[in-house]
Amino acid sequence: MMGELKPFLILLVFGNIENLILAAQGVAASVNPVGLSMLSLLAVILWLSVGTFGTKMAMKYARYINFIGGLAIFILGVQAMLESIPGILAFFH
């Protein structure tokens, strides 16, 4: 199984890090933690099933998927950093 996931390993690692960042943003925005937990669990189960059943089909598109996924993770990370700037500035003033 590890051989099948090897082309997607970097995307999996950074995707999980981004998932933690988005969850932290939800907590900082005072979102209901039970609802956030349930939605996060649903998203994980959905992606697990898509990954389990779609891996064989996606292998021929692994390079494109990694690029698009990496770009999305980068954009979401930049967005999170830009949204945190007002809070950082308020902290130091």
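See the structure printed just above.
Quantities reported herein were computed from a predicted structural model and do not represent experimental measurements.

(A) Molecular detail of the overall build of the protein. Looking only at helices and strands, one finds four helices and zero strands in the protein. In the protein, the succession of helices and strands from N to C terminus is α-α-α-α. Computed over C-alpha atoms, the radius of gyration of the protein comes to 16 Å, more than 25% over the 12 Å expected from 2.2 N^0.38 for 93 residues, which places it beyond the range of a compact globule. Seen along its three principal axes, the alpha-carbon backbone of the protein occupies a region of about 50 × 30 × 15 Å. Expressed as a percentage of its 93 residues, the buried residues of the protein come to 13%.

(B) Spatial organisation of the environment of Trp47. Residue placement: Trp47 occurs in helix α3 (residues 33–58). Taking the C-alpha atoms as reference, Trp47 lies 19 Å from Arg63; in sequence the two are 16 residues apart.

(C) Representation of the packing of aromatic side chains. Counted under the stated rule, the structure contains one aromatic pair. A centroid spacing of 5.1 Å and a plane angle of 80 degrees characterise the contact between Phe91 and Phe92, whose relative ring orientation is edge-to-face. Classification of Phe91 as exposed rests on a relative accessible area of 65%. Relative accessible area serves as the criterion here: at 64%, Phe92 is assigned to the exposed category.

(D) Fine view of a nonpolar patch on the surface. Together, Tyr61, Tyr64, Ile65, Phe67, Ile68, Leu71, Phe74 and Ile75 make up a nonpolar patch on the protein surface, roughly 890 Å² of accessible area in all. One can find Ile75 in helix α4 (residues 62–92).

(E) Inspection of α3 at higher detail. Bending of α3 peaks at approximately 40 degrees at the position of Thr52. Turning to α3, its buried residues number three or more, namely Gly54, Thr55 and Ala58. Between a side-chain oxygen at the N-terminus of α3 and the backbone nitrogen of Val34 the separation is 3.1 Å; the capping residue is Asn32.

Cut-offs used in this document
Residues numbered from 1 in each chain as written. Predicted model: local features only at pLDDT ≥ 70, side-chain atom pairs only at ≥ 80, totals over all residues. Heavy atoms only, no water. Helix = DSSP H or I, 4+ residues; strand = E, 2+ residues; numbered from the N terminus. Rg over C-alpha atoms; globule rule 2.2 N^0.38 Å. Buried < 20%, exposed > 50% of the residue type's maximum accessible area, 1.4 Å probe, protein only. Phe/Tyr/Trp six-rings, centres within 6.5 Å; stacked < 30°, edge-to-face > 60°. Patch = residues over 30% accessible without salt bridge, like charges linked within 9 Å, V, L, I, M, F, W, Y side chains within 5 Å. Areas by Shrake-Rupley, 256 points an atom, 1.4 Å probe, with all protein chains shown as cover. Salt bridge = Lys/Arg side-chain N within 4 Å of Asp/Glu carboxyl O. Bend = angle between axes of the 7 residues up to and from the residue. Polar contact = N/O pair within 3.5 Å; in protein donor to acceptor, adjacent residues only side chain to side chain.

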